Amino acid sequence: MTARRPAALAILLLAAGRASAQAPEPVAVTVTDKGCEPAALTVPAGKSVFRISNKSRRVLEWEILQGTMIVEERENIIPGFVQSLSATLQPGSYEMTCGLLSNPKGTLTVTAAAATTAGTPDPMALVGPLAAYKLYVMGEVEAFHRQTAAFVAAIKAGTIAEAKALYPVARRHYERIEPVASLFNDLDKSMDVRADDFEKKEADPGFTGFHRLEKGLWADNSTNGLAPHADRLLADATELKRRIADLTIPPAKMAGGAAGLIEEVAATKISGEEDRYSRTDLWDFHANVEGSRKIFDLLRPLVAARDPDFVARTEKNFSRVDALLAKYRTEDGGFKPYDHLSDRDRNALKGPITVLAEDLSTLRGKLGLD
Amino acid sequence: MASCPFSTSRRALLRGLAAGTGAAAFGSTQGRAADATPSAASDGTLDRQPFHGPHQAGIVTPQPAAALVVALDVLAEDRGELAKLFRILTERFVFLTAGGPVPPLDPRLPPADSGILGPQVLPDNLTATLSVGASLFDDRYGLEGAKPRRLRPMDRFPNDSLDGKLCHGDLLLQFCANTAETNLHALRDVIRHTPGLVALRWKLEGMLPPHVVKRQGQDTVRNFLGFKDGTANLDTRDDALMHRQVWVQPGSTEPGSGEPDSREPTWAAGGSYQVVRIIRNFVERWDRTPLREQEQIFGRHKDSGAPLGETDEHALPDYASDPAGTRTPMDAHIRLANPRTKETASSLILRRGYNYSAGITPSGQLDMGLLFVCYQSDLDAGFVAVQNRLNGEPLEEYIKPVGGGYFYALPGVKEPGGFLGQGLLVGA
C-alpha cells in the first residue's frame, strides 16, 4: 500500500468532524514591530486560514503555540508581504508569536464548532477511540520491532528453521497496523516491497526487505548473502518505531484504515502474491482483518446507535471471515500454507471480504470525517 | 477526428480505389481535420489523415476513438535490413492510411490481406506512427552516435511496479483510427509484411468514447476513475506552442547551453519524444472512496470537471490566491502536474492517452486504467519533470504504472519516395 507523504503528518492536531468543505473566511492578523493586531483571536474548531501581514521591519516567523509546542507555523514572511497559513485546530487555548521574542504573545481561542451535519458524532467523541488506537499501534510497532530483531538475529546466526518460524510472527504486527505504518512510504517500500515492483524482479539490486529475506530462506533455503538485507530491515523497523512514537494519527486516517486493510486483502492477499515463497499469506491476511476489526470495534459505539444495521452486518461479515480462516488454523496458532487452499476456497473468501470493503468504505462518512 | 476533411463521397472513393488510384482520389494532403465539418454521408470510414508532411501523423492529429500501441524488437541483421524494414513500414503506412483494394491472388495461395475490413481497405481515419527506442541505438546497427540526447530506457519512478514484459522495445508503432478493427487490421498487415525483421514484444489497445470524441473541443473524455482528463491539455492548433513544446527543432540545445554536444542530432528535427505508460487503476478501491476525497485527490469536481471551487470546466485554477492549499490541496493531481507558474511552463506536454481494459488480476480484480501517451520536445523538461512533481501524490494509492517506455517519434516523410528513418539511417 502506498500512501500519503510523511509530510502530511506534520498535522499535529486532529481534523475532527468538519462536515463542510467550504473554505473558511480567512482571519487577518497583522504583525507590527510591537506585536499582533488584533492581539486576541477567536475561531471555531476545524480548519482556519490565517492571513498574516508582516508590517514589521524584520523577517517574520509566525507560530501557533500550545504550551511550548509549535502547532503550526509560517516561516520567512518578508516585511511588507502577506502569507496564508491553513491550520486545523481542536478546541482549546493557544498562543500566537508576534514578531520579536520580546513582544507579548497574542492569544488564540478555538471554540467547539456547532455540529454542522445532523447525525454526525461530536468530534470530541473521537478522542477516546483515537487515544486507544494510538496505544494499539504503539503496542504493535513495539512487538514488530522486537520480533523483527529476533528474526534478523536468527538469519545472522544461520538458523534457517528458526528464521522461518519467526518470519510470519514478525510480519503480522506490521500487517495489523499497515495503514499507519505505510504512511512512511520510504520505510514501507524498503521493508515490504515485492519483487513484482522491479523490472528485473528478484534479480533487481533494489529488491530488499522481508520478501527478499523470504526468498532467501524458502526459495534458496539459505541465509547466504542475507545479512545486509537483514541489517537494513532492522534499521528500518527501528526507524519506524521512532517515527510512530511522534505520530498523531488523524481520525480520518484511523477510520479509513478499517477499509484500507480490507482493500489490502482484496488486492494482494487473496491472490497469494504476498508471501509467495513461504506461503504464509494467511498470517498476513488474518492480521489485516484483525487490524481492521480493531478500528471497527473502537469506533463502533459512535455508529451503533445511528446505524445498527451497518454495525450488525459488519460484525456478521467479520465473523464469516473469521470462521473461514479458522478452517486453516494449525495447532500452534498459525495457519496452513496458502497453497493448501483450492481455487474454490480462495473464492469463498472473496465474498465476505468484498462486502466488508463496501461497508467499511462508508465508515469515514458515517463519522462525518473527510 | 470523426469528420472527413474531404468531400469525396463513398462512391467516388470506391471508384477511385477500383481505378487503382486510391491516394489520388482524396485530393491534396494538407493540415488537420479539426476544422472540417462532418459530411452527412460519411460514417467515418472515409476519413483520411495525410501521411506525408514534416511531422508524422498521430501526434497533433485529433484523437479518434480507438488506439493500439505495439512494441517490437528488431531482428534485422544489419543496417541494410533495418533500412528495408523502415521502407516496408513506410510503404504499408502509406497504403493503410490511404486505403485501397486488396489485390486478388491465386486462391491456392494465402490471401494478401487478413480480410477483416473486407476487399476494400478503408482508411477510417487511421494514423500510423513509428517511434524508436533507446535499444535500437546499441551496437547492432552502428547507430550509437545518432541517439537523441534524452532517449534512454524508461526511468523507474517510486510508485512504478514495472513488468519487464510490458516495457521498452526497439520500435513502437502507434495506430489510431475510428474503430478498433482498423488498428488490428493495420497491425496484422504490418506483421505479414515484415517476417524475420521484427518480433512482437508487448501490445495494448485503448479506447475513448466515440460520442465524446465527435464533440472534441466541446466535451472532454473521462478516464476510468470517472474524471475528465485532458481539459487543460495543449491546444494542437497552436502551431507556435507545438513548435516549442512538442517538435524537436533543428539543432535543439539544452536551455541556456551552447555546448555542441548538447544538440540533438540533425536527423531528429521534426520528431518528438514519446512517453508511453501503462497505468493500472485500482478501480474497485477507487469506487469505494468518498467522493470528496476523490475530488481532493484530483483537484477537480467529478461531475463538471471544473477546478475545485469553480463551476466551469475550463476555468483556470487560481493557485496564486490559494497558497496554502485551502481550496485545492497542494498535492492535488492537477496542481502538481501543472502548478501554472512561469518556472513550470517548460514542462508542458501534449497528452494523447487512451483508456484500456485488459482482463482480471490474480486477485480477481479488474485490470483497467490509462494507456498514457505524451509527446514533448524535451523528455527531461517535459514528462520527467512532471512525473517528478507527481511522485508521492495521494493518487498513487489508487494507481500503479506497470509498463511502457521512452521512445522517439521519427520526423515525418515530407515527399512520396522518402521513408521513415531515412535521415537517421543515411546520416548516421
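What you are looking at is a predicted structure, and each value in this text was computed from that prediction instead of being measured. (Residues numbered from 1 in each chain as written. Chains lettered and ligands numbered in written order. Predicted model: local features only at pLDDT ≥ 70, side-chain atom pairs only at ≥ 80, totals over all residues.)

## Remarks on the overall build of chain B
Which entries qualify depends on this criterion: A run of DSSP states H or I qualifies as a helix once it reaches four residues; a run of E qualifies as a strand once it reaches two. Both are numbered from the N-terminal end. In this scheme the burial state of a residue depends on its C-beta neighbours within 10 Å: 20 or more other such atoms mean buried, 12 or fewer mean exposed, and anything in between means partly exposed; the C-beta positions come from the backbone. Contacts here follow a simple rule: the backbone-placed C-beta atoms of the two residues must lie within 7 Å.
Counting its regular elements, chain B contains ten helices and eleven strands. Taken across its 428 residues, chain B has 47% of its residues classed as buried. Considering only intrachain contacts with a sequence separation of at least 6, the fraction spanning at least 24 residues in chain B is 77%.

## Concerning the overall build of chain A
When helices and strands are tallied, chain A shows eleven helices and nine strands. A total of 370 residues make up chain A; the buried ones form 44% of that total. In chain A, of all internal contacts separated by at least 6 residues, the share reaching a separation of at least 24 is 70%.

## A short note on the UniProt feature "domain: Imelysin-like" (unreviewed entry) in chain A
We apply this condition: UniProt positions are given in the numbering used here, feature names are shortened, and annotations may be inferred rather than shown by experiment.
Here, the residues flagged by UniProt with the feature "domain: Imelysin-like" (unreviewed entry) are residues 130–360 of chain A. Each end of residues 130–360 of chain A is marked by a C-alpha atom, and these two atoms are 17 Å apart; helix forms 72% of the span and strand 0%.

## Some remarks on the sheet that holds strand E1 (residues 27–31) of chain A
Residue and element names in this part refer to chain A. Just so we agree on the cut-off: One bridge is not enough; two strands pair if DSSP finds at least two bridges between them.
As summarised here, the arrangement of the four strands in space is E2-E1-E4-E7, forming an open sheet in which the pairing is mixed. Each edge of the open sheet is held by one strand with a lone partner, namely strand E2 (36–37) and strand E7 (82–89). Here E1 runs beside strand E4 (residues 46–54); their pairing, made up of five bridges, is parallel. Counterpart to Val29 in the pairing with E4 is Ile52.

## Comments concerning the UniProt feature "domain: Dyp-type peroxidase N-terminal" (unreviewed entry) in chain B
On the UniProt side, "domain: Dyp-type peroxidase N-terminal" (unreviewed entry) is annotated at positions that read residues 56–206 of chain B here. This span, residues 56–206 of chain B, is 23% helix and 24% strand, and a straight line between its end C-alpha atoms measures 20 Å.

## As for unusual backbone geometry
Omega for the peptide link from Glu37 of chain A to Pro38 of chain A comes to -5 degrees, which places this bond in the cis form. Looking at the secondary structure, you find Pro38 of chain A in the loop between E2 and strand E3 (40–44). Positive phi outside glycine occurs at Arg279 of chain A, with the angle close to 60 degrees. Non-glycine residue His168 of chain B carries a positive phi angle of around 60 degrees. On the secondary structure map, His168 of chain B appears in the loop between strand E4 (127–133) and strand E5 (171–177).

## Brief notes about the packing of helix H5 (residues 210–219) of chain A against helix H6 (residues 227–245) of chain A
Residue and element names in this part refer to chain A. Just so we agree on the cut-off: Geometry is summarised by axes, namely lines fitted to C-alpha atoms with helices restricted to the contacting stretch, and by angles between N-to-C directions that run from 0 to 180 degrees. Handedness of a helix crossing follows the sense of rotation of the near helix relative to the far helix, less than a right angle counterclockwise being left-handed and clockwise being right-handed.
Where H5 meets H6, the axes come as close as 9 Å, and the angle between the chain directions of the two elements is 145 degrees. Where H5 crosses over H6, the two elements pack in a sense that is left-handed. Within the contact between the two elements, H5 uses Phe210, Arg212 and Leu213 and H6 uses His229, Ala230 and Leu233.

## Focus: the interface of chain B and chain A
Which entries qualify depends on this criterion: Amino acids outside the nonpolar list (Ala, Val, Leu, Ile, Met, Phe, Trp, Tyr, Cys, Pro) and the charged list (Asp, Glu, Lys, Arg) are all regarded as polar, and Gly is one of them.
Contacts between the two partners involve 27 residues from chain B, matched on the other side by 32 residues from chain A. Broken down by class, the residue content of the side of chain B that touches chain A amounts to eight nonpolar, eleven polar and eight charged.

## So, the domain arrangement of chain A
Many descriptions give the size of an interface as the accessible area lost when the pieces come together. For clarity, the threshold we go by: All the domain ranges listed were derived from an automatic or database domain assignment.
Splitting chain A by domain gives domain 1 (25–111) and domain 2 (123–366). In this structure, domain 1 of chain A and domain 2 of chain A have C-alpha centres spaced 41 Å apart.

## Considerations on the nonpolar core
In plain terms, the rule: What makes a nonpolar core is a set of buried Ala, Val, Leu, Ile, Met, Phe, Trp, Tyr and Cys residues, with links drawn between C-beta atoms within 7 Å.
Judged by nonpolar contacts, the single largest core of 96 residues is most densely connected at Leu171, Leu173, Phe175 and Leu371 of chain B. Among the elements that make up this core, the one with the highest residue count is strand E1 (residues 66–74) of chain B (eight residues). Dropping the residues within four chain positions of it, Leu173 of chain B is found in contact with Val70, Leu72, Ala128, Leu130 and Val190 of chain B. Val141, Ala154, Ala259 and Val289 of chain A belong to the second largest nonpolar core, which has 65 residues in total.

## Observations concerning the confidence of the model for chain A
Cut-off, in case you're wondering: The predictor's confidence in any single residue is recorded as pLDDT, a number from 0 to 100.
Summarising the model, chain A shows a mean pLDDT of 88, and 91% of its residues fall at 70 or more. Counted against residues more than four places away or in other chains, residues 1–21 of chain A, with its pLDDT under 50, gives 54 contacts.

## Overview of the pairing of E1 of chain A
Residues and elements named next belong to chain A. Taken together, the two bridges between E1 and E2 define a ladder with antiparallel strand orientation. Counted as the bridge partner of Val31 is Cys36 from E2. Connecting E1 to the antiparallel partner E2 that follows it, the hairpin turn spans four residues, and Gly35 within it adopts a positive phi of roughly 155 degrees.

## Details of the UniProt feature "binding site: heme b" (unreviewed entry) in chain B
All names here are of chain B. Per the UniProt record, "binding site: heme b" (unreviewed entry) is found at Gly230, Thr231, Ala232, His333, Asn338, Pro339, Arg340 and Arg351. With respect to the element layout, Thr231 can be found in the loop between helix H4 (210–213) and helix H5 (239–245). Residue Thr231 is classed as partly exposed on the basis of its C-beta count, with 16 C-beta atoms lying within 10 Å. The topology assignment puts Asn338 in the loop between helix H8 (333–337) and strand E8 (350–351). Since 19 C-beta atoms lie within 10 Å of it, Asn338 is described here as partly exposed.

## Here we look at the confidence of the model for chain B
Of the residues in chain B, 87% have a pLDDT of 70 or more, and the chain-wide mean is 89. Two numbers describe this predicted complex: its pTM, 0.78, and its ipTM, 0.75.

## Concerning helix H3 (residues 180–193) of chain B
Residue and element names in this part refer to chain B. Stated precisely, the cut-off is as follows: To estimate how far a helix should reach, multiply one less than its number of residues by 1.5 Å.
With 14 residues, H3 extends 20 Å from end C-alpha to end C-alpha; this agrees with the ideal 20 Å at 1.5 Å per step. Within the sequence span of H3, burial applies to Thr182, Asn183, His185, Ala186, Leu187, Asp189 and Val190. For H3, the secondary structure elements touched by its buried residues are E1, helix H2 (79–98), E4 and E5.

## Concerning helix H7 (residues 291–298) of chain B
Side chains of residues three or four places apart in an α-helix project in the same direction, reflecting 3.6 residues per turn. Residues and elements named next belong to chain B. Taken residue by residue, H7 has Gln296, Ile297 and Phe298 as its buried positions. At its buried positions, H7 is contacted by H8. Two residues or fewer past H7, Gly299 is found with a positive phi of approximately 90 degrees.

## Regarding the packing of helix H7 (residues 251–269) of chain A against helix H8 (residues 281–304) of chain A
All names here are of chain A. To keep it simple, the criterion reads: Working rule for angles: under 35 degrees goes down as roughly parallel, over 145 as roughly antiparallel, 65 to 115 as roughly perpendicular, anything else as oblique.
At a minimum axis distance of 8 Å, the contact between H7 and H8 shows a crossing angle of 160 degrees. As far as their axial angle goes, H8 and H7 are roughly antiparallel. Considering only the axes of H7 and H8, their crossing is left-handed. Residues Met254, Ala255, Gly257, Ala258, Leu261, Ile262, Glu264, Val265 and Lys269 of H7 pack against Asp281, Asp284, Phe285, Asn288, Val289, Gly291, Ser292, Ile295, Phe296 and Leu299 of H8. Its residues placed into classes, the contact of H7 with H8 shows eleven nonpolar, four polar and four charged.

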